[in-house]
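The primary structure of each chain is shown beneath.
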Amino acid sequence: MNKYDSELISGILRCGNFDIIDDIEKADAVLINTCAVREHAENRALSNIRQLKNLKKRRPEVILGVLGCMSKYLGSKIIKDNPFVDIVLGPDSYRKLPEILKDKKRCEDIFTREYENYSDIFPLKKKGVCAWVAISRGCNEDCSYCVVPYTRGRERSRSVKSITDEIKRLLDEGFKEVTLLGQNVNSYNYQDVDFPGLLEKVSEIEGLKRVRFATSHPMNLSDGLVDVMKERKNICPHLHLPVQSGSNKILKTMRRNYTKEKYINLVEKAKSKIKDLTITTDIISGFPGETENDHRLTVDLVKKVKFDSGFTFKYSPREKTDAYKYGDDVPENVKIERLEEISEILREISLKKNREWIGKITEIMIEGKSRKSDSKVFGRTDGFKKVILRQNNFSIGTFVNVLTTDATSHTLFGKVVESKET
Ligand code: SAH
Ligand code: SF4
């Protein structure tokens, strides 16, 4: 979502006739887009900001801006602690940027009255084949640990037309796959079009090869969604379904509004309907009040569901959330031990599941050159598994059938057995 926001900011600046460049030394303004979801992300952003102090000393005319959720979360503290920063803008104030930059004014604006959805802005993207498209902003859930409802405000859905228009324009620019984004895509609602309805309309757009979406909140994953995924061939069989914990007691204090049993039931039902469905997840370790027994319940759940992969996070207390008031009573070393145990089990399961692909043929779309070697390309299966090919004679966006020859917990390796048309 943050990367998409950076593309939106670039789109706004382009409309204001600014050029976007990567070279900080040549830039007239440097903008840092930030996340506030965990302290770790915040510390990284603050360290990036501090590194700009020297630049400002050498070239005082450069305008430095801090944008995004951390701006809203920390507010005036950013300029107080870093007086060389000129601009602080929250996630609903990006439209003001061109004017502020032209006037070269100092500005702090974190409390806009109006919540934005930037529907009329076309994000400026790097060339490629996979694009993100936000379908909603903000969040109406009330997870007790999460700062997003505070930083991004109440959920508002974009109109169906603005979403489909954006996708059509992306297709004209050569993109072939879109990932629909929202904090909880399943609660999308625009003039009685719900998420399955939107997904159906999007998947009918001519030329769109693949549709993905994230994130699905387990609470409102409907039968309708599973049916649309099953019926429409270009909707990828992958659900990112954050479970957060396997303990009903913790799920309750997290205010996730589902139980472990309901979660398992949802996954089993979806898997029984959609062939080769992959399920990925997020898990938080060391939430306030989490006992060894609660942790064991999470371990059991991970083993039972057999996630294709998962992100694990140490609980990070965030001011302005209710969980902040519960204290942070799991010691750091225990949080780390639990996180490592869960990560290790997730890794073992991923490896086992990935190795099951060895000897099988699957279709992938080539997405780019491998990061490690120019002589290899990578693509993804429709289930979001990354596949590396030791060949580079395929152009980006090509669909090929691949025989998997090897696998690690992260990646499949394979060779093309028969090309398909793009
Ligand atoms: N809306 C999405 C994504 C939210 S942020 C969702 O509900 O899944 C992504 C992940 O960050 C969450 O799923 C959660 O696992 C993690 N997270 C959020 N707040 C956190 C906190 N205070 N400490 C640790 N992890 C957190
Ligand atoms: Fe945060 Fe929960 Fe909303 Fe996700 S669903 S953004 S975790 S409040």
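Attention shifts here to the packing of aromatic side chains. Evaluation of the coordinates by the stated rule reveals eight aromatic pairs. With a centroid separation of 5.2 Å and an interplanar angle of 70°, the aromatic rings of Phe 195 and Phe 213 are classed as edge-to-face. Separated by 18 residues along the polypeptide, Phe 195 in helix α8 (residues 195–203) and Phe 213 in strand β11 (residues 210–214) bring together distant segments of the chain. Here Phe 287 and Tyr 315 contribute two aromatic rings whose centre-to-centre distance is 5.3 Å and whose plane-to-plane angle is 75°, an arrangement assigned as edge-to-face.

Taken as a whole, this structure holds zero disulfides when the rule is applied. Note on Cys 35: no disulfide assigned, nearest cysteine sulfur contributed by Cys 69 at a separation of 6.4 Å. Note on Cys 35: relative accessible area 27%, which makes it partly exposed.

Below, the discussion takes up the sheet that holds strand β8 (residues 177–181). Strand order across the open sheet formed by three strands is β5-β8-β11, with parallel pairing between neighbours. Strands at the two margins of the open sheet, each flanked by one partner only, are β5 (130–134) and β11. When strand polarity is set aside, the average angle formed by the axes of neighbouring strands in this sheet is 25°. Bridging between β5 and β8 involves five bridges; their strand directions are parallel. For Val 133, the partnering residue across the bridge sits in β8 and is Leu 180.

Contacts to ligand 1 come from 15 residues, most closely from Arg 38, Gln 183, Gln 244, Asp 282 and Ser 316. Gln 244 places a side-chain nitrogen or oxygen 2.7 Å from an oxygen atom of ligand 1. Ser 316 places a main-chain nitrogen or oxygen 2.8 Å from a nitrogen atom of ligand 1. Calculation on ligand 1 without its partners gives an accessible area of 530 Å², and the protein chains cover 89% of this total. Among the secondary structure elements, those contributing two or more residues to the shell around ligand 1 are β13 (278–285) and β14 (309–314).

When you line up the elements, Arg 210 lands in strand β11. Sequence spacing of Arg 210 and Ile 235 is 25 residues, and the spatial spacing of their C-alpha atoms is 5.9 Å. Filtering out sequence-adjacent residues up to four positions away, Arg 210 remains in contact with Lys 176, Glu 177, Val 178, Asn 234, Cys 236, Glu 363, Ile 364, Met 365, Arg 380, Thr 381, Asp 382 and Phe 399. Within the local environment of Arg 210, its side chain forms a polar contact with the backbone oxygen of Arg 380, the two atoms lying 2.9 Å apart.

As a further point, take the packing of helix α9 (residues 223–231) against helix α11 (residues 260–273). In the contact formed by α9 and α11, the axes pass within 10 Å of each other and the chain directions differ by 25°. Viewed along their axes, α9 and α11 adopt a mutual orientation that is roughly parallel. Crossing handedness for the pair α9 and α11: right-handed. In this structure, α9 contributes Asp 223, Val 226, Asp 227 and Lys 230 to the contact, and α11 contributes Lys 269, Ala 270 and Lys 273.

A separate point is the packing of helix α12 (residues 292–305) against helix α13 (residues 332–355). Where α12 contacts α13, the two axes come as close as 10 Å, and the packing angle between them is 10°. In terms of orientation, α12 lies roughly parallel with respect to α13. Of the residues in α13, those touching α12 at Glu 292, His 295, Arg 296, Thr 298, Val 299, Val 302 and Lys 303 are Arg 338, Glu 341, Ile 342, Ile 345, Leu 346 and Ile 349. Among the residues forming the contact of α12 with α13, the class breakdown is six nonpolar, two polar and five charged.

Attention now goes to the domain arrangement of the protein. Per the domain assignment, the segments making up the protein are domain 1 (2–109), domain 2 (130–355) and domain 3 (361–420). In total, about 1,400 Å² of surface goes out of reach between domain 2 and domain 3, with carbon and sulfur atoms giving 57% of it. For the pair domain 2 and domain 3, the interface holds two salt bridges. Close ionic contact of Arg 355 with Asp 406 constitutes a salt bridge, the shortest N to O distance being 3.8 Å. Here domain 2 is connected to domain 3 by eight residue pairs in polar contact (both at pLDDT 80 or more). Elements represented by at least two residues in the side of domain 2 that touches domain 3 include exactly β11 and α13. Looking at which element gives the most residues to the side of domain 2 that touches domain 3, the answer is α13, with five residues. The class makeup of the residues in the side of domain 2 that touches domain 3 is four nonpolar, four polar and eight charged.

Parameters at a glance
Residues numbered from 1 in each chain as written. Chains lettered and ligands numbered in written order. Predicted model: local features only at pLDDT ≥ 70, side-chain atom pairs only at ≥ 80, totals over all residues. Heavy atoms only, no water. Phe/Tyr/Trp six-rings, centres within 6.5 Å; stacked < 30°, edge-to-face > 60°. Helix = DSSP H or I, 4+ residues; strand = E, 2+ residues; numbered from the N terminus. Disulfide = S-S within 2.5 Å. Buried < 20%, exposed > 50% of the residue type's maximum accessible area, 1.4 Å probe, protein only. Pairing = 2+ DSSP bridges. Axes fitted to C-alpha atoms, helices over the stretch in contact; angles between N-to-C directions. Near = heavy atom within 4 Å. Polar contact = N/O pair within 3.5 Å; in protein donor to acceptor, adjacent residues only side chain to side chain. Areas by Shrake-Rupley, 256 points an atom, 1.4 Å probe, with all protein chains shown as cover. Contact = heavy atoms within 4.5 Å. Parallel < 35°, antiparallel > 145°, perpendicular 65-115°, else oblique. Left-handed = near helix turned anticlockwise from the far one by under 90°. Nonpolar A, V, L, I, M, F, W, Y, C, P; charged D, E, K, R; others polar. Domains from an automatic or database assignment. Buried area = accessible area lost by both parts, 1.4 Å probe. Salt bridge = Lys/Arg side-chain N within 4 Å of Asp/Glu carboxyl O.

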